[in-house]
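# Residue-level structure breakdown
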Amino acid sequence: MDATGAAAEADKTPVKRRSVWLPTSWGVISLLLAGLSLALLHTDWLWRWDQLLYDSQLKFWSRPAPDDILIVAIDTPSLSRIGRWPWNRHHHALLIERLTEAGAKAIVLDILFAEAESRSPDADHSLVDAVAASGRVILPVVFEQSAPGQLLVETLPMPALATAAAALGHVHIDLDPDGIARRVHLMEGLGKPRWPSLSLALLRMLDAGAWQQLPGVRNPNLTIGTEENIVRDYQILLPFAGPPGHFSRISYVDALNGTAAAEIFRDKIVLVGATATGLGDALPTPVSGWNQPMAGVEINANLLDALRRGIAIEPIEARWGSALTLFILLLPYLIYPRLKPRYVLMTSASMLLVTLLLSALLLHVLQLWFPPVSALVGLLLGYPLWSLLRLEHTVRYFEQELERLHAEPRAVSFYNESVAVANCLSFLQRIIPFNGWVLRDASGITVGTGSRRAAAPQANDGSAAVSSPPVDLLRLAIPGDRGTLELELPRNGQPPLSGEAMNLLHEFVRQFATPARSEPRNTVELIERQIQQVQLAVADMRSMRGLIMDTLRQMLDGVLVINPGGQVVLANSQAARLLGFESEASLTDCGVLQITGVLELSAGNWDQALHSVLVEQATLSLEGEMPGGVELLIQMSPLSLTQGNLHGMILILSDITKLKQSERKRAQAINFLSHDLRSPITSLLSLLQWKENGDNTLTSEEMTRRVERYARKALKLADNFLQLARAENSDQSGFHETDFVTIAHNAVDEAFAEAHNKNIQLTRNIEVDEAWLKGDAGLLERALTNLLENAIRYSPAGSSVQLSLRTAAGSVECCIQDQGAGIPVADQRRIFDPFQRAQNGSGQHQSGTGLGLSFVLVVAQKHHGSVRVESTPGQGSSFYLRIPLDPEKQPPD
């Protein structure tokens, strides 16, 4: 199939729409990622990572310890001074009394008094009395096993002490699977959550009507518990104020002995508990350093501060956590397909950072903990999966486009058949002299041969001579080590092939260089090969586009491609030049209406023509004219239809100015032959007819004089016409070196007789002795003679006509000046046209052929010169003929 047929088949091939495979697959993968993330969220498979992020955020959330919370620490100095633990309960009673006297707002004894002191019964009584007298002491409740393997039991203070206490509260702190204390339940109990936490019991004691609505996550299974099982409710995460030792504390022994001033305890909430190593329930927390657990009494102080500040952290509800995770994973599904590949990685990293920031924002502003790791896993998996999917889609796209590109015609065809090679080389033999050729492949095997030899010389006996004419062998390598082409050049004394001929041969040989194909061994090679094939196809399309653009650029006609909206989408330089634009780029920025505004049609109108082409799909051929007098042939046709869609129209502009001028000259010549030249011949025939009829009105002398006048008139007309034709057909090949001064003298001598008969004086003003130039002396002399005769013809008797000659700026300029009536301005623009005559002073046309000045103009143009006229009515005229001394160095005027 040839290129035209292939292009036609390609146009008929349905264009594949953009594949929906990529968005569908990405949607499926996004759903799978969402399911995976939700599973990770609800099964807590990645709880360690979530807790790690939670702990790291808590470390950046420190706050000052409140001034009204004070810890009385049972520390190592107290143990060393008071003695081994447990102490006599008289010490605790005394401490309560002193704290009460000092004005403590509340006293929390984080010490369990579950049994009576057998060694000192009166100590229990004094402790009960002190607690009862204070009325502001809160005691703890613990849940423990009475023996290993036994059920949990609630351990309360002694009954008398429990009755005397202002409130009771549990001190149980939940430990996560990693052994770190992060959360607490505000209500706990066996069978039902009857006991508030120690801090909550304190707050309710201080404000009996408050703290009925509690923060935290509710337990949906409150009714299922039994008396043997612990039931918890209102779970919160502790927002620790700082690391261990963050709250103000004073040693137990200092408070007991009065070393600490009483004002320290006034209006303070005093928490009494063990901080000595190995004595109390010290637990690791998110804010604890390495081997620095936090005492239980300080954990209760943190809980008390958080509840009062209203910053208890709640885990986000499962439904909202799922919704937020799905929303985060929805972003890659919506955003990735709309981004360029270079921005996807940056966007993925940004979404990871935004997810972390969102979790931190919810924690610090709304006190909601959203575990982000499951969403982060979905985002982390989304980017490589999207990249893999995009890569697979790219490979498929390459395969589809390569199939289409292979089905389209190439910019330059390959010559794979020996017949095509032979035909092409036969063509090259007509323009490049070589006798024979041999085409060999890479292994040196002959693929094709051909020869064109002259007839072999004959021996004396009539047989062919054995010897053959000597030849030179020219080897041309085919690119890519594909073989060689050998040409036999005749050795006949002629110069070797020119550089242009060698370039043509190399360009021909380059067509054999087909790319080597090999099967890819892996995916990387497959993609690389497809990329290379696409690059070759794109380069081939660029070559095709370059071929088209070069073809348009070299065309003599202007070409415009206009879309249905009237915009010029393609133009060549000739179109820009014909329409008066600086370049084709400036032409493509305008619309067709701007073109129709300067290009006037000879017949019809643009609106009707555009309607016929774009709507009726007709092909038109019109003529128009530019403001500068350039006449154009306008060929308009609709752009070829592809799949039933109209793409606009094509305008081809041809400069027919010279053609129209030739047509006008031909019409003028026909008019000349039919009227001017026919008139004297008709007069001669009329005289002869009178003579034959015996009409003796005219004498023989008058008859002879009239016959001579008509014959000379006809001869002069024919001679002027032939001279003009000779001047128009002359070229520089017949020019010779001649002296323009001599030509000027000869012309004056030629016109002397006519000037003498009219009593007109001819004068000369020649400023140079000689002016040599290359030209036709006969034509130049005739041009000057015509100018002189015109000046004499239009000058009155008794006047003078002057011929001036000078050289300036590499040219010789001759001026013919008369003293006639002058030439009207309207006639000055057309007197150099053939068969045009100027008017005399009375407004009548002078006699003459109208070819003299036209002849002068043609002679000036043939010699790369110019002729112009300067005339004022009533003051005479001046004609200036300028001829360059070296026409090769001066452009034509």
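So, how was this worked out
Residues numbered from 1 in each chain as written. Predicted model: local features only at pLDDT ≥ 70, side-chain atom pairs only at ≥ 80, totals over all residues. Heavy atoms only, no water. Helix = DSSP H or I, 4+ residues; strand = E, 2+ residues; numbered from the N terminus. Buried < 20%, exposed > 50% of the residue type's maximum accessible area, 1.4 Å probe, protein only. Contact = heavy atoms within 4.5 Å. Areas by Shrake-Rupley, 256 points an atom, 1.4 Å probe, with all protein chains shown as cover. Arc of directions from axis to C-beta. Core = buried A, V, L, I, M, F, W, Y, C linked by side-chain atoms within 4.5 Å. Pairing = 2+ DSSP bridges. Axes fitted to C-alpha atoms, helices over the stretch in contact; angles between N-to-C directions. Polar contact = N/O pair within 3.5 Å; in protein donor to acceptor, adjacent residues only side chain to side chain. Parallel < 35°, antiparallel > 145°, perpendicular 65-115°, else oblique. Left-handed = near helix turned anticlockwise from the far one by under 90°. Patch = residues over 30% accessible without salt bridge, like charges linked within 9 Å, V, L, I, M, F, W, Y side chains within 5 Å. Salt bridge = Lys/Arg side-chain N within 4 Å of Asp/Glu carboxyl O. pLDDT = per-residue confidence, 0-100. Expected span 1.5 Å × (residues − 1).

## Notes on the overall build of the protein
- Across its full length, the protein carries 27 helices and 30 strands.
- Looking at the protein as a whole, 41% of its 893 residues are labelled buried.
- Residue pairs in contact within the protein that sit at least 24 positions apart in sequence constitute 68% of those at least 6 positions apart.
- Counting every atom, the protein has about 48,700 Å² of accessible surface; 54% of that belongs to carbon and sulfur.

## A few points about helix 15 (residues 499-509)
- Residues A501, L505, F508 and V509 constitute the buried set of helix 15. Buried residues of helix 15 fall within an arc of 100° about the axis and therefore sit on the same side. Exposed positions of helix 15 whose direction lies more than 90 degrees from the buried face are E500 and N503.

## A short note on the nonpolar core
- Residues I138, L186, L271, L307 and I313 are the most contacted members of the largest nonpolar core, which totals 46 residues.
- Those residues within four positions of L307 in sequence are excluded, and the remaining contacts are L186, S199, L200, L203, W211, P215, I236 and A312.
- With 40 residues, the next largest nonpolar core counts I743, L779, F832 and L853 among its residues.

## Description of the sheet that holds strand 30 (residues 877-884)
- Taken together, the 5 strands give an open sheet; going across it, the order is 25-27-28-30-29, and neighbouring strands pair in mixed fashion. Edge positions in the sheet fall to strand 25 (761-766) and strand 29 (866-871), since each of these pairs with one other strand and no more. Strand-to-strand twist across the sheet, computed as the mean angle between neighbouring axes with direction ignored, equals 15°.
- With 7 bridges connecting them, strand 27 (residues 800-808) and strand 28 (residues 811-817) associate as antiparallel partners. Residue pairing in the sheet places Q802 in a bridge with Q817 of strand 28.

## Side note on the side chain of T355
- Within the secondary structure, T355 is located in helix 12 (residues 341-365).
- Within the structure, the side chain of T355 is placed 2.7 Å from the backbone oxygen of M351, a separation counted as a polar contact.
- Once residues lying within four places of it in the same chain are set aside, the contact partners of T355 are I328, P372, A375, L376 and L379.

## Concerning the packing of helix 3 (residues 47-58) against helix 12
- Interaxial distance between helix 3 and helix 12 falls to 11 Å at its minimum, and their mutual angle equals 60°. One element, helix 3, and the other, helix 12, form an angle in the oblique class. The crossing of helix 3 and helix 12 is right-handed. Taking contact as the criterion, the partners of L53, Y54 and Q57 in helix 3 are, on helix 12, L356, S359, A360, L363 and H364.

## Describing the packing of helix 11 (residues 318-335) against helix 12
- Viewed as axis vectors pointing N to C, helix 11 and helix 12 meet at an angle of 160°, and their least axial separation amounts to 11 Å. When the interaxial angle is binned, helix 11 and helix 12 end up roughly antiparallel. Crossing angle aside, the handedness with which helix 11 passes helix 12 is right-handed. When helix 11 is examined against helix 12, the residues L324, I328, L331, P332 and I335 are found in contact with a partner set consisting of T347, M351, T355, L358 and L362.

## Remarks on a nonpolar patch on the surface
- Together, F327, L330, Y333 and L334 give the surface a local cluster of nonpolar side chains, amounting to about 350 Å² of exposed area.
- In this fold, F327 is placed in helix 11.
- Classification of F327 by relative accessible area gives partly exposed; the value is 48%.

## Re the pattern of salt bridges
- Under the criterion given, the structure shown has 24 salt bridges.
- In this structure, the salt-bridge partner of E870 is R868, at a minimum N-O distance of 2.5 Å.
- Here the salt bridges do not stand alone but share partners, grouping D55, D176, D178, R182 and R183 into one network.

## Digging into the pairing of strand 23 (residues 649-655)
- Pairing of strand 18 (residues 558-562) with strand 23 involves 5 bridges; the strand directions are antiparallel. Paired with L560 across the two strands is L651, which belongs to strand 23.
- Across 7 bridges, strand 22 (residues 631-638) lies against strand 23 in antiparallel orientation. Residue pairing across strands places L632 opposite D655, the latter belonging to strand 23.

## Looking at the environment of V569
- Among the structural elements, V569 can be located in strand 19 (residues 568-571).
- For V569, a relative accessible area of 48% translates into the label partly exposed.
- On a C-alpha basis, the gap between V569 and L587 in space is 8.9 Å, while along the polypeptide they are 18 residues apart.
- Non-local contacts of V569, meaning those with residues more than four positions away in its chain, are made with V561, I562, N563 and T588.

## What about the confidence of the model for the protein?
- The predicted model of the protein has a mean per-residue pLDDT of 80, with 83% of residues at 70 or higher.
- Contacts for the low-pLDDT stretch residues 1-18, under 50 throughout, to residues beyond four places or in other chains number 15 contacts.
- Low pLDDT, under 50, characterises residues 889-893; the stretch is placed with 11 contacts to residues that sit more than four places away or in other chains.

## Brief notes about helix 25 (residues 777-793)
- The terminal C-alpha atoms of helix 25 lie 24 Å apart, and with 17 residues this matches the ideal 24 Å at 1.5 Å per residue to within 8%.
- Those residues of helix 25 not exposed but buried are L779, L780, A783, L784, T785, N786, L787, L788, E789, N790, A791 and I792.
- The distance from a side-chain oxygen at the start of helix 25 to the backbone nitrogen of G778 is 3.1 Å, and the residue carrying that oxygen is D776.

## Some points on the sheet that holds strand 18
- On the basis of which strands lie adjacent, the open sheet formed by 6 strands has the order 19-18-23-22-21-20 and antiparallel pairing. In this open sheet, the two edge strands, each paired with only one partner strand, are strand 19 and strand 20 (600-601).
- For strand 18 and strand 19, the ladder comprises 3 bridges, and the chain directions are antiparallel. If you follow L560 over to strand 19, its bridge partner there is A571.
- Those strands touched by helix 20 (residues 606-614) are strand 20, strand 21 (620-625), strand 22 and strand 23, and its axis lies near 35° from that of strand 22.

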